[in-house]
Amino acid sequence: MIQPATPEADHADAAYARRLRDALGGLGMLGTLAAPQSYHQLLTLLVRDAMQVTRAKIGTLRLLDKATNELVFEVVEGAALGPRAVEAARQFRVPLGQGIAGWVAASGQPVVRSDLAADPRFVAEATERIGYVPHSMLCLPLNGEDGILGVIELFDKADGTAFTADDMGTLGVFGEAAAAAITQSQVLNDVTRLFGLMLQRLLGDTPDAVLLHDHVAELVARVVETPDYRDAIQIALTAGQIARQGPEARRYCLQVLDAFADYLRAQHSRATLGGRLP
Amino acid sequence: MKPAWHEAFEPDVLQHPASLPVLSAITPEWAWGGSTGRGVKVAVLDSGIKNTHPAVDGAVRGYCRVVEGEDGQFTYDETPHTDIFGHGTACAGIIHKVAPEAELYSVQVLKPTGGGSGGAFAAGLHWAIEHGMQVCNLSLGTTKRDFFAALHELADLAAFKNIMLVTAANNMPQPSFPSMYASVISVACNEEKDPFHFYYNPAPPMDFGAPGIDVQVAWEEHDYATMTGNSFAAPSMTGIIALILAKHPGLTPFLMKTILRTTAWNVRLPVDTSVAEAHAS
């Protein structure tokens, strides 16, 4: 039944919209919690791991903004940089194809550059933006299934030597796993968003939307608080840690889990059959 | 963890395959002595070539830009273009340094908006095969399995037409095409500085090692930068191959590989190189 437009009805609509927002926010959180890591945490971990592997003093990760074709800083890490420098670097967007990062992203091949301090243009830019001039740089593409996702850049090794072809080889293996982890995380975010939008549409068109909304809100609250759900998150976190080790680790993990699931199913069948099987 | 390709060329693991006595007449002097690569057509499939960069010095003789239409069809634009982000110019500069009279052709298959599709790459390779190119430098590749068959067919077609495809071994661990094919000459970087000190690798799919560590490459307007990457090892071999072809026209890819193996630094000097050099002087 169509309600007449009264101040009371407007107020009810506003209250409903607020509750709906809260419920959808809760759902979004559900998706984020179920993810192996929050997206930013994941990216930060990847950069820190890359820095540790190569003993780099500074590490950054830029992702490709497909709408503008620009590489945008997502993570800037390094004790050599002050907070202001980190913030300045974050504001910096580079069109694809420009500079070494743009070159690496466009060609999909990593490079090492070992004479940064001899490039007057680079020195001027680095001094102005971050107050630090690195000498050596390793730039690694993050190649996704459907093209480039972004780049990881590492600057200056702790022992003062330049990055080597060995570092590039080691990081190559790492980059493949990193790109897979980023893709998985992006897919999860997209699915969560899609689910929210679908639900919003459903709720908007259903006559007893308020009832449905209340159910959803209650479900979210209940699920988040249940020990079962907390266990599920723990399983997801552990699986996420394994997934970051690469495709082989993921395959073994699946094999182990599948075998365990088969075992549980077999146990269940025996229980159901009352011990009538040998 | 898979080793990076260049590790095969590190001093403690470098192999010294025996030279074949019957091939003793094939020496560096016979292979490329006095050659400048004159008249050999070399295509650089990449981001374009900046013909005015001093490293290239006007060596570009022709252009082809692969254009992907909205309907997914590819067309060729043969009007002059420049380099959209410098990678192709860096490669072309290395080729020009080794083979100064080779004729360079810029085949632009990458886009400023991020890489290039495997389709554009295949279309560019097709253009090179159909337009009389003798050597193609491919310092790029695709990891997409979808293009495995199409590129394989083109690589075979090139081999049957005696066109040398010189590919950079992928710096990343994923298999990349066409560098994994037997019909191409696949190159990773070694630690040498002299382009004539290339190595032969007896363990495929990577065939040769050439200087690609801390090499001077063309950078931006008129500058140079010191870079490391397999992308820069392949053009060094492309230059050597152009020198050999200028002196010995009509060689097939398998003959070229035989000549390169026989003249490789680690095959010619199957002992400590410093000792060998001391004897030579």
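Above this text sits the structure in question.
These lines cover the structure that appears in this document, whether it is placed above or below.

What counts, and where the lines are drawn
Residues numbered from 1 in each chain as written. Chains lettered and ligands numbered in written order. Predicted model: local features only at pLDDT ≥ 70, side-chain atom pairs only at ≥ 80, totals over all residues. Helix = DSSP H or I, 4+ residues; strand = E, 2+ residues; numbered from the N terminus. Buried ≥ 20, exposed ≤ 12 C-beta atoms within 10 Å, placed from the backbone. Contact = placed C-beta atoms within 7 Å. Core = buried A, V, L, I, M, F, W, Y, C linked by C-beta atoms within 7 Å. Pairing = 2+ DSSP bridges. Axes fitted to C-alpha atoms, helices over the stretch in contact; angles between N-to-C directions.

## Looking at the overall build of chain A
Scanning chain A for helices and strands turns up nine helices and six strands. Counting every position in chain A, which comprises 278 residues, the buried fraction comes to 31%. Considering only intrachain contacts with a sequence separation of at least 6, the fraction spanning at least 24 residues in chain A is 64%.

## Structural notes on the nonpolar core
Residues and elements named next belong to chain B. Core analysis: the biggest nonpolar cluster contains 138 residues, and Cys136, Val166, Val187, Met237 and Ala242 have the highest contact counts within it. Per-element tally for this core: the top contributor is helix α5 (residues 230-247), with eleven residues. Dropping the residues within four chain positions of it, Ala242 is found in contact with Gly37, Val40, Val42, Ile95, Ala99, Ala102 and Val135.

## A few points about the sheet that holds strand β1 (residues 41-46) of chain B
Residue and element names in this part refer to chain B. Spatially, β3-β2-β4-β1-β5-β6-β7-β9-β8 is the arrangement adopted by the nine strands of the open sheet, whose pairing is mixed. Where the open sheet ends on each side, the last strands, each with one partner, are β3 (74-77) and β8 (199-200). Across four bridges, strand β7 (residues 185-190) lies against strand β9 (residues 208-211) in parallel orientation. Bridge pairing links Asn190 to Pro211 in β9. Along the sheet, helix α2 (residues 87-98) contacts β1, β4 (103-108) and β5 (135-138); its crossing angle with β1, the most-contacted strand, is approximately 155 degrees.

## Some words on the environment of Arg261 of chain B
Residues and elements named next belong to chain B. Within the secondary structure layout, Arg261 lies in helix α6 (residues 253-263). A residue is classified by how many C-beta atoms lie within 10 Å of it, and Arg261, with 20 of them, is buried. Along the sequence, Arg261 and Ala25 sit 236 residues apart, while their C-alpha atoms lie 13 Å from each other. For Arg261, the contacting residues outside a window of four places in its chain are Tyr200 and Val267.

## A look at unusual backbone geometry
Residue and element names in this part refer to chain B. Geometrically, the link from Pro204 to Pro205 is a cis peptide bond, its omega value of 10 degrees lying close to zero. Within the element layout of this structure, Pro205 appears in the loop between β8 and β9. Residue Asp214 is not a glycine yet carries a positive backbone phi of 50 degrees. Checked against the element boundaries, Asp214 lands in the loop between β9 and β10 (215-219).

## Concerning the interface of chain A and chain B
Taken together, the contacts link 30 residues of chain A with 31 residues of chain B. Where the side of chain A that touches chain B is concerned, the elements lending two or more residues are α4 (99-107), β4 (111-113), β6 (147-157) and α6 (165-205) of chain A.

## Thoughts on the environment of Ser186 of chain B
All names here are of chain B. Mapping Ser186 onto the fold places it in strand β7. Linking Ser186 and Leu165, residues 21 residues apart in sequence, is a C-alpha distance of 8.4 Å. Excluding residues that lie within four positions of it along the chain, Ser186 makes contacts with Thr167, Ala169, Ser179, Pro205, Met206 and Asp207.

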